[in-house]
Amino acid sequence: MKDYKHSVSLDVSKCKGCTTCLKRCPTEAIRIRDGRAVISSARCIDCGECIKVCPYKAKKATHDPLSCINDYKYTVALPAPSLYGQFDNMDNIGYIIQGLRDMGFDDVFEVACAAELVSAYTRLYIKRTNIPKPVISSACPAITRLISMNYPMLCENIMPILPPVDIAAHLAREKAKKEHPELTDEDIGIIFISPCPAKVSYVKNDFAGERNYIDATISVRDVYFELIDKMKRRQDDEPLDSTESGMVGIGWASTGGESTAIFNERYLAASGIENCIRVLDQIDNEDITSLDFVELNACSGGCVGGAMTVANPYIAQARLQILKRYLPVSPNRPVSEYIPDEFYNENEVEYNPYNLLSEDRQTALRMMADIESITEGLPKLDCGSCGAPTCMAFAEDIVKGETSADECTVIMRMLFHEYLEQHKEKDKEQEVLRKISAIKEGKTQKPADE
Amino acid sequence: MSNNLNFHFNVDGENFSSAGEASVVVKKKLRQLGFPPDIIRRVSIAMYEGEINMVIHANGGDADVTVDDDYITIVLKDTGPGIPDVSLAMQEGYSTARESIRALGFGAGMGLPNMKKYTDSMEIDTTVGVGTTITMKIALNK
């Protein structure tokens with residue numbers, strides 16, 4: 001696997017080296033070294049959990065700046081459906097679409113519309129008999145990466161159809177070229193408004209391969225503040241635009257939305273990375289059977305819980321419920337039952353054993369034996385003071401030569417107390433010797449008789 | 001290899017919600033050791049089923065996983081009620097699990113058959129009233 005470009009980064013000046021992110025990282029990708037957090041590129045899945053929990057706001061999602069709109073002659077905004085749930089007292093998605101145009105986008109292509117197509121294709125795909133079940137959604141890139149690292153046998157369960165954002169980008173580009181034949185490919189900027197860093201990484205690493213039609217990714221948060229201002233100016237008029245999506249497409253923003261759109265009850269929808277890991281463990285053990293479809297969202301509540309959003313995920317979901325109330329079920333439908341080739345992901349998800357101790361089995365076994373015996377001697381408090389999330393992870397780091405055993409503050413404290421005790425003994429001895437010699441030299445009076 | 005690698009787990013019979021966690025730990029370790037995915041899955045499923053059985057029927061027990069040059073060996077030892085009729089217990093669908101366990105989706109009578117199916121050998125040493133020890137082996141060089 002080629003080098004992975006991440007979208008979660010650290011502001012060194014803000015990081016205090018506390019252990020909050022260390023303890024919350026689901027893949028144990030973080031260590032504290034020299035008093036600040038270090039993220040392992042091989043282990044990070046860009047879930048954004050550390051961004052959400054950092055008390056000093058030192059963890060950041062990196063994405064393109066809003067100014068990237070100026071880099072292209074013609075720009076199309078691809079708003080994720082989660083954007084619609086960010087605004088209070090909003091009763092018409094048309095205001096948001098209008099606002100995006102007012103921000104300077106030449107056109108808007110809703111990801112929710114493409115999501116409805118993906119739902120239709122999913123319904124077709126899961127009816128096939130020659131595919132591994134349950135089919136796992138390909139929409140959350142943090143989950144796809146997690147599966148590629150930890151669940152080799154489930155890689156082929158991931159749906160091979162591209163996520164809605166890629167299909168939206170493809171269709172948006174085609175539409176722009178059709179409406180403006182004078183534009184070249186370079187003139188057109190397809191700009192995705194993303195709720196999370198995992199999607200930014202997904203685009204940066206070309207996971208859709210040749211079929212990556214997205215040129216830049218900006219954050220829901222950046223767009224939010226700009227949009228609020230633009231929408232205020234038009235709040236008294238009816239919006240000129242309206243949504244072309246239906247209930248199904250907008251439903252994708254929160255957990256369960258994608259699943260309910262398969263229109264059968266043999267699905268499972270989980271959100272929150274820890275829940276997703278538990279579900280994957282059980283599917284891997286063939287312990288959950290008779291499921292057609294599994295939707296897993298790394299963020300609690302689904303995409304509305306992304307680290308680049310503004311609103312609380314459950315408040316956003318409540319707003320979306322109201323926004324989609326009088327919309328048609330699913331107005332975007334494929335023209336035929338044939339799933340076009342260009343909507344498949346060219347890249348299969350491959351197993352990437354990131355935590356392999358050594359290519360050589362004997363060496364790996366020896367290292368594992370060392371890890372076990374070192375762990376045995378550690379306090380098992382998993383306090384994180386050594387810079388590793390658990391005592392076991394610390395032992396692994398020692399064996400890999402990445403840290404040294406004296407980083408364990410619990411053991412060091414114990415040794416320090418022993419040292420002090422020994423010195424107390426020595427001090428006492430010396431005090432006695434001093435007294436004896438003083439008596440010998442007659443400098444001190446003998447103790448008075450009782 | 002001079003040293004066999006051994007992992008020991010105390011399977012807690014009091015806490016049903018933690019059942020299956022030892023198999024997750026073993027899976028992680030086998031991945032770190034670079035075993036092929038199909039071997040990892042077989043060990044993990046056999047271990048998982050055994051672990052669940054120990055919790056449901058025997059109030060927990062001890063699980064030991066040993067890795068040597070030729071085999072991964074799983075030994076599950078409990079001091080539970082024992083299995084009165086092993087050949088009956090080995091039949092697919094045969095179950096003595098309580099209704100409350102079945103309601104959770106367990107007790108389908110596939111535990112022991114699956115353990116046999118996913119391993120290369122399985123020995124059951126059981127005495128009613130004393131306990132059960134199950135030894136499963138998965139060959140590494142087939």
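Not measured: the values here are computed from a predicted model. (Residues numbered from 1 in each chain as written. Chains lettered and ligands numbered in written order. Predicted model: local features only at pLDDT ≥ 70, side-chain atom pairs only at ≥ 80, totals over all residues.)

### Brief notes about the interface of chain A and chain B
So, step 1. Listed per partner, the contact involves 17 residues of chain A and 16 residues of chain B.
So, step 2. Residue composition of the side of chain A that touches chain B, by class: 10 nonpolar, 3 polar and 4 charged. (Contact = placed C-beta atoms within 7 Å. Nonpolar A, V, L, I, M, F, W, Y, C, P; charged D, E, K, R; others polar.)

### A few points about the nonpolar core
Side chains that are nonpolar tend, in soluble globular proteins, to be buried together.
So, step 1. Ranked by size, the top nonpolar core spans 106 residues in total, and within it Val76, Leu78 and Ala168 of chain A carry the most contacts.
So, step 2. Among the elements that take part in this core, helix α4 (residues 111-125) of chain A stands out by supplying 9 residues, more than any other.
So, step 3. Lining this core are residues from two domains, each supplying at least three of them: domain 1 (8-61) and domain 2 (66-343) of chain A.
So, step 4. Leaving out residues up to four positions away in the same chain, Ala168 of chain A has contacts with Leu78, Phe109, Val111, Cys113 and Ala114 of chain A.
So, step 5. Judged by nonpolar contacts, the second largest core, of 45 residues, contains Phe394 of chain A together with Val11, Phe35 and Val55 of chain B. (Core = buried A, V, L, I, M, F, W, Y, C linked by C-beta atoms within 7 Å. Buried ≥ 20, exposed ≤ 12 C-beta atoms within 10 Å, placed from the backbone. Helix = DSSP H or I, 4+ residues; strand = E, 2+ residues; numbered from the N terminus. Domains from an automatic or database assignment.)

### A short note on the domain arrangement of chain A
Residue and element names in this part refer to chain A.
So, step 1. Assigned domains within chain A: domain 1 (8-61), domain 2 (66-343) and domain 3 (358-445).
So, step 2. Look at where the C-alpha atoms of domain 1 and domain 3 centre, and you get two points 28 Å apart.
So, step 3. Contacts between the two partners involve 8 residues from domain 1 and, on the opposite side, 5 residues from domain 3.
So, step 4. The element that contributes the greatest number of residues to the side of domain 1 that touches domain 3 is strand β2 (residues 30-33), accounting for 3 residues.
So, step 5. Classifying every residue of the side of domain 1 that touches domain 3 by side-chain character gives 3 nonpolar, 1 polar and 4 charged.

### Some thoughts on the sheet that holds strand β5 (residues 74-79) of chain A
All names here are of chain A.
So, step 1. Strand order in the open sheet made by the 4 strands is β6-β5-β8-β9, with parallel pairing throughout. Only two strands of the sheet have a single neighbouring strand rather than two, namely β6 (107-108) and β9 (216-219).
So, step 2. Pairing geometry for strand β8 (residues 188-194) and β9, over 4 bridges, is parallel. Of the residues in β9, the one forming a bridge with Ile193 is Ile218.
So, step 3. The strands touched by helix α6 (residues 164-179) are β5, β6 and β8; relative to β5, the strand with the most contacts, the crossing angle is about 150°.
So, step 4. Seen against the sheet, helix α8 (residues 220-232) touches β8 and β9 and runs at an angle of roughly 65° to β9. (Pairing = 2+ DSSP bridges. Axes fitted to C-alpha atoms, helices over the stretch in contact; angles between N-to-C directions.)

### A look at the sheet that holds strand β11 (residues 293-297) of chain A
Residues and elements named next belong to chain A.
So, step 1. In space, the 3 strands of this open sheet follow the order β7-β11-β10, with parallel pairing throughout. A single partner strand is all that each edge strand has here, and the edge strands are β7 (135-136) and β10 (267-271).
So, step 2. Relative to β11, β10 runs parallel, the two being bridged by 5 bridges. Note that in β11 the partner of Tyr267 across the bridge is Phe293.

### Considering the pairing of strand β3 (residues 36-39) of chain A
So, step 1. As paired elements, β2 of chain A and β3 of chain A share 4 bridges and run antiparallel to each other. Paired with Arg33 of chain A across the strands is Arg36 of chain A, a residue of β3 of chain A.

### Describing the environment of Arg42 of chain B
Residue and element names in this part refer to chain B.
So, step 1. Following the sequence through the fold, Arg42 ends up in helix α2 (residues 37-58).
So, step 2. Judged by C-beta crowding, with 19 C-beta atoms within 10 Å, Arg42 ranks as partly exposed.
So, step 3. Sequence separation between Arg42 and Asn4 is 38 residues; the distance between their C-alpha atoms is 20 Å.
So, step 4. If sequence neighbours within four positions are ignored, Arg42 has contacts with Tyr118, Thr119 and Ile138.

### With respect to helix α7 (residues 197-204) of chain A
All names here are of chain A.
So, step 1. Taking burial as the measure, the 8 residues of α7 include 8 buried ones, the bulk of the element.
So, step 2. Those residues of α7 lying buried are Pro197, Ala198, Lys199, Val200, Ser201, Tyr202, Val203 and Lys204.
So, step 3. Residues of α7 that are buried in the fold lie against β1 (8-10), β4 (59-61), α5 (141-150), α6, β8 and β9.

### Focus on helix α14 (residues 391-399) of chain A
Residues and elements named next belong to chain A.
So, step 1. In terms of burial, α14 is a largely internal element, 9 of the 9 residues being buried.
So, step 2. Those residues of α14 that fall on the buried side of the exposure criterion are Cys391, Met392, Ala393, Phe394, Ala395, Glu396, Asp397, Ile398 and Val399.
So, step 3. Of the residues one or two after α14, Gly401 is the one with positive phi, at around 80°.

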